[in-house]
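A structural walkthrough
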Amino acid sequence: MQNITPRFSFRQLALACITCVYFISFFNYSQWNKGAIIAGGDSMGYYLYLPSIFIHHDIVSLKQTAHTLFSYNAYPPSNNSPCGILECYVTPTGNNVIKYTNGSAILQFPFFATAHAIAYIGGYKTDGFSLPYIFMNCLSILVYSLLGLYVIGKVLSQYVSDRATAITLVAIALGTNLFAQQINMGAMSHPGLFFLYAALLYATIQVFDAKKTNYIYLIAFSLGLIACIRPNEIVVGIFPLLYGVYSIKTWKEKSTWLIQNRSFLFKAFALFMLPIFPQLLYWKLVSGNWLFYSYGNEGFDFLHPHIFDGLFCFKNGWLSYTPIMLFGLIGIVLMHNKNKKIAFPLLVFLAIHIYVINSWWCWHYVNGFGNRPMVETYPLLAVPFGYFVEWTTRKWYTLLLFSATCIFFIALNLFQTYQFTQNILLTEDANGVYIYNTLFKTKATRNNLIEFDIAETQPKQLLNPKLIFEERYDSIPYELEKGQYKNLTNASLERLGLSKGDWLRASAICRNDENVISLYEQSLLVIAIEAKETNKTIVWKALKVQNKLYNENNAIWTFAKHQSDTITFCTQIPKDVTKDDKLNFFFWNLQGPPILIHSVWLEKVEVDKSKE
């Protein structure tokens, strides 16, 4: 009987399904219609090189580029730079410098050129910011993600079964924050890096296993582009350098190989510098120096890394939002004896990479849906992930347990990504209480919105309120100006008739009459408890005010104007306080627009435990 070869392998079928899901999600959310690039942020900073060089010809001043950008009224100009673009700083020569390096712009150039042609033919403005440019810029990250997955599939097929390869591809594509990058973050750098890491992995294997020495040029060029996108990512050069090294003997063999092929290395260095030289030239033009630190006061603190937080906390901790990659980490142990060539350099790279990225001043990386600099490591982690999948197939019960867990993690990732797009989930400032209480919800409640701020579950039913403090401004509302602190009460717990375990309810009627453009520029209504002996704050519960006013959908990033509304929150006094500890109740407007206060009060309440 003649064998029938299937038309598609599992790997090809997985890639086809992933492509369909990615494109459906891409068009369904349509982030090019929702402020991508023109609303500012990192993606706009990466992109600025292209319109300023090829359309407005003002790469040094950025004046016309900025004028065109602000004509779209996406966000107000910043006072931090002469051109008004927040993502730029001023050099000692008085020029504006784009703080981001140009690697992402290099990857985006083919899409930019295509958009320019479409804009010209289709009658759109050829200014770099009209619809074709934004659409193609968003499309670029989807294309690079899919190319990266294709390359990963080719690599994995050399080590694990076709089925394990397909499962790994689906897990990474749909079970990690790579998926969120496609639909809700603009053209960030990480999908491009994801593709380049995949190319680096493939080229490394070709050089040192298949003995195709010419692929060393692909290693060099990939490393150059990686360094041009995020300079600290150059640490991935450790991987090809240590590939195949796991003992003194193999290190000597690798050193000998490097010496014998030094002629290739000299040529490779030229390719490494090829994408870097334009960046050096740009710095020379705007600052007068070939090397220039364009990030201002932002930097690394290597003495105080946030490694645990960067991995596990709910403020964009990597494994808190991408738990499926635990399988990849476990796989490194499983593959150690089977593939030491990859296991050891991968471990060394991961240790250094995790240390470096979590030493950055903003270790949570704002809008990441988890620790976003880990996205680019997934091509390398795909190999141990594949080994882990292969291991689970040995026993039916391990396969069943893995399958159920994997399906749950993918469903969780897809649903939380949906919450992310609907303004229900903001991972850069979330907490475990909020995540738990909104799990698989399609709409947040008012209590959820409060829990996002104070990380404390709100009771469902309150009894016997007893007024502790009240202040009313019936004729003229009290206006809390920017930078102002309004003390309401400051007394010991004993004096206020409070003790450990009591519940407090803080309330106010407020109105906002000005634009609020940032979640972190809101006024705060605060209950704090200060220890008498140490003067240290042991309780800090701060409710953001403006996004609670007439917010019918209870969305995190919503600000109403010209409407008065009641805000309230409850907190329980912890068990470890003393009667002499001091309770502070106050309003604080640290850096936002004025807020109008009509009245404010504090109550001691009881919780109806039958309703909990």
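Provided above is the structure to which this section pertains.
Residues numbered from 1 in each chain as written. Predicted model: local features only at pLDDT ≥ 70, side-chain atom pairs only at ≥ 80, totals over all residues. Heavy atoms only, no water.

**Thoughts on the overall build of the protein chain**
Definition in use: A run of DSSP states H or I qualifies as a helix once it reaches four residues; a run of E qualifies as a strand once it reaches two. Both are numbered from the N-terminal end. Atoms counted for the radius of gyration: C-alpha only. Globule rule: 2.2 Å times the number of residues to the power 0.38. Residue burial is assigned from relative accessible area. The probe radius is 1.4 Å, only protein chains are included, and a residue is buried under 20% of its type maximum, exposed over 50%, and partly exposed in between. Contacts are residue-level and defined by heavy atoms, with any inter-residue pair within 4.5 Å sufficient. Note on areas: Shrake-Rupley with a 1.4 Å probe; residue coverage comes only from the protein chains shown. Working convention for charge: Lys and Arg count positive, Asp and Glu count negative, and His plus the chain ends are omitted. To locate a charge, take atom NZ for lysine, CZ for arginine, CG for aspartate or CD for glutamate.
Within the protein chain, the secondary structure is distributed over 22 helices and 11 strands. The C-alpha atoms of the protein chain give 27 Å as radius of gyration, which agrees with the globular expectation for 612 residues (25 Å, within 12%). Based on the C-alpha atoms only, the size of the protein chain along its principal axes is roughly 85 × 65 × 50 Å. Within the protein chain, buried positions represent 56% of all 612 residues. Long-range pairs, those at least 24 residues apart, make up 75% of the contacts in the protein chain with a sequence separation of at least 6. Within the structure as shown, the protein chain displays about 27400 Å² of accessible surface, and the carbon and sulfur contribution to it stands at 60%. Each charge class in the protein chain can be summarised by its mean position, and for the 48 positive and 39 negative side chains these summaries are 12 Å apart.

**Quick word on the sheet that holds strand β7 (residues 524-530)**
Worth spelling out the cut-off: One requirement defines pairing of two strands: DSSP has to find at least two bridges between them. Note on geometry: axes are lines fitted to C-alpha atoms, helical ones only across the stretch in contact, with angles between N-to-C directions running from 0 to 180 degrees.
The strand order across the open sheet built from four strands is β5-β10-β7-β8, with neighbouring strands paired in antiparallel fashion. Pairing within the sheet leaves two strands with one partner each, and these edge strands are β5 (485-492) and β8 (537-544). Across the sheet, the axes of successive neighbouring strands diverge by a mean angle of 15 degrees, strand direction being ignored. Here β5 runs beside strand β10 (residues 582-588); their pairing, made up of seven bridges, is antiparallel. Opposite Asn490, over in β10, you have Asn584 as the bridge partner.

**Describing unusual backbone geometry**
Among all residues save glycine, negative phi is the norm, and among peptide bonds the norm is trans. Phi is positive for Tyr550, close to 45 degrees, though the residue is something other than glycine. Among the structural elements, Tyr550 can be located in the loop between β8 and β9 (563-572). Given the relative accessible area of 44%, Tyr550 is considered partly exposed. Look at His562: it is not a glycine, yet its phi comes out positive at around 60 degrees. Mapped onto the elements, His562 comes out in the loop between β8 and β9. Of the residues examined, His562 reaches a relative accessible area of 52% and is grouped as exposed.

**Let's talk about the packing of aromatic side chains**
We count it as follows: Pairing of aromatic rings covers Phe, Tyr and Trp, the last counted by its six-membered ring, and requires centre-to-centre distances within 6.5 Å; plane angles under 30 degrees mean stacked, over 60 mean edge-to-face, and any other angle means tilted. Charge-over-ring placement is defined geometrically: NZ (Lys) or CZ (Arg) within 6 Å of the ring centre, and within 35 degrees of the ring normal.
Taken as a whole and assessed by the stated rule, the structure comprises 54 aromatic pairs. Ring geometry for Phe369 against Phe420: centres 5.4 Å apart, planes inclined by 40 degrees, an arrangement best described as tilted. Of this pair, Phe369 sits in the loop between α18 (340-357) and α19 (378-392) while Phe420 sits in helix α20 (residues 396-421), and the two are 51 residues apart along the sequence. As far as the burial class goes, Phe369 and Phe420 line up, both buried. Members of the aromatic cluster, connected to one another through ring pairs, are Phe327, Phe385, Phe388, Trp391, Phe402, Phe408, Phe409, Phe415, Tyr418 and Phe440. Geometry around Tyr72 places Lys125 over its ring, the cationic atom sitting 5.9 Å from the centre. Across from the ring centre of Tyr478, 4.5 Å away, lies the NZ or CZ of Lys486, which sits over that ring.

**Notes on the environment of Asn339**
Convention followed: For the purposes of these results, a polar contact is taken to be a pair of N or O atoms within 3.5 Å, where, inside protein, one atom must be able to donate a hydrogen and its partner to accept one; residues adjacent in sequence count only when each atom of the pair is a side-chain atom.
Its location among the elements puts Asn339 in the loop between α17 (326-334) and α18. A sequence separation of 48 residues divides Asn339 from Tyr387, and the C-alpha atoms of the two residues are 9.6 Å apart. Look past the residues within four positions of Asn339 in its chain and what remains in contact with it is Tyr159 and Tyr387. Polar side-chain contacts of Asn339 include one of 3.3 Å to the side chain of Tyr387.

**Observations concerning the side chain of His364**
With respect to the helices and strands, the residue His364 is situated in the loop between α18 and α19. On the accessibility criterion, His364 (16% relative accessible area) is buried. With near-sequence residues (within four places) excluded, His364 lies in contact with Lys315, Asn316 and Glu428.

**Focus on the environment of Ser52**
For Ser52, the location among the structural elements is in helix α3 (residues 49-54). When the C-alpha atoms of Ser52 and Lys604 are compared, they prove to be 59 Å apart, with 552 residues separating the residues in sequence. Apart from the residues lying within four places of it in its own chain, the contact partners of Ser52 are His57, Asp58, Ile59, Leu62 and Thr65. A polar atom in the side chain of Ser52 sits 3.1 Å from the backbone oxygen of Tyr49.

**Looking at the pattern of salt bridges**
The following threshold applies: The term salt bridge refers to a side-chain nitrogen of Lys or Arg lying within 4 Å of a carboxyl oxygen of Asp or Glu.
Evaluation of the coordinates by the stated rule reveals 16 salt bridges. The residue Glu298 makes a salt bridge to Lys99 at a minimum N-O spacing of 3.0 Å. In this pair, Glu298 is assigned in the loop between α14 (276-287) and α15 (307-312) and Lys99 in the loop between β2 (96-98) and α5 (103-122), connecting sequence segments 199 residues apart. Here the two residues Glu298 and Lys99 agree in accessibility, since each one is buried. Among the salt bridges present, the one from Asp502 reaches Lys604, with a minimum N-O distance of 3.6 Å. Of this pair, Asp502 sits in the loop between β5 and β6 (503-512) while Lys604 sits in strand β11 (residues 595-607), and the two are 102 residues apart along the sequence.

**Observations concerning the pairing of β6**
When you tally the buried positions in β6, you get seven out of 10 residues, the bulk of the element. Of the pairings in the sheet, the one linking β6 to β9 comprises 10 bridges and is antiparallel in character. Across the sheet, the residue bridging to Leu504 is Thr571, located in β9. Sheet analysis places β6 next to β11, joined by nine bridges and oriented antiparallel. Opposite Trp503, over in β11, you have Val605 as the bridge partner.

**Quick look at a nonpolar patch on the surface**
Note the threshold: To count toward a patch, a residue needs a relative accessible area above 30% and no salt bridge. Like charges then connect within 9 Å, nonpolar side chains (Val, Leu, Ile, Met, Phe, Trp, Tyr) within 5 Å.
Nonpolar side chains collect at one region of the surface, where Phe277, Leu281, Leu285, Trp290 and Leu291 lie side by side and expose about 530 Å² of accessible area between them. As for its position among the elements, Leu281 is in helix α14.

**Some thoughts on the side chain of Gln419**
Tracing the backbone through its elements, the reader meets Gln419 in helix α20. When residues no more than four places from it in sequence are discounted, the contact partners of Gln419 are Ile424, Leu425, Thr438, Phe440 and Lys441.

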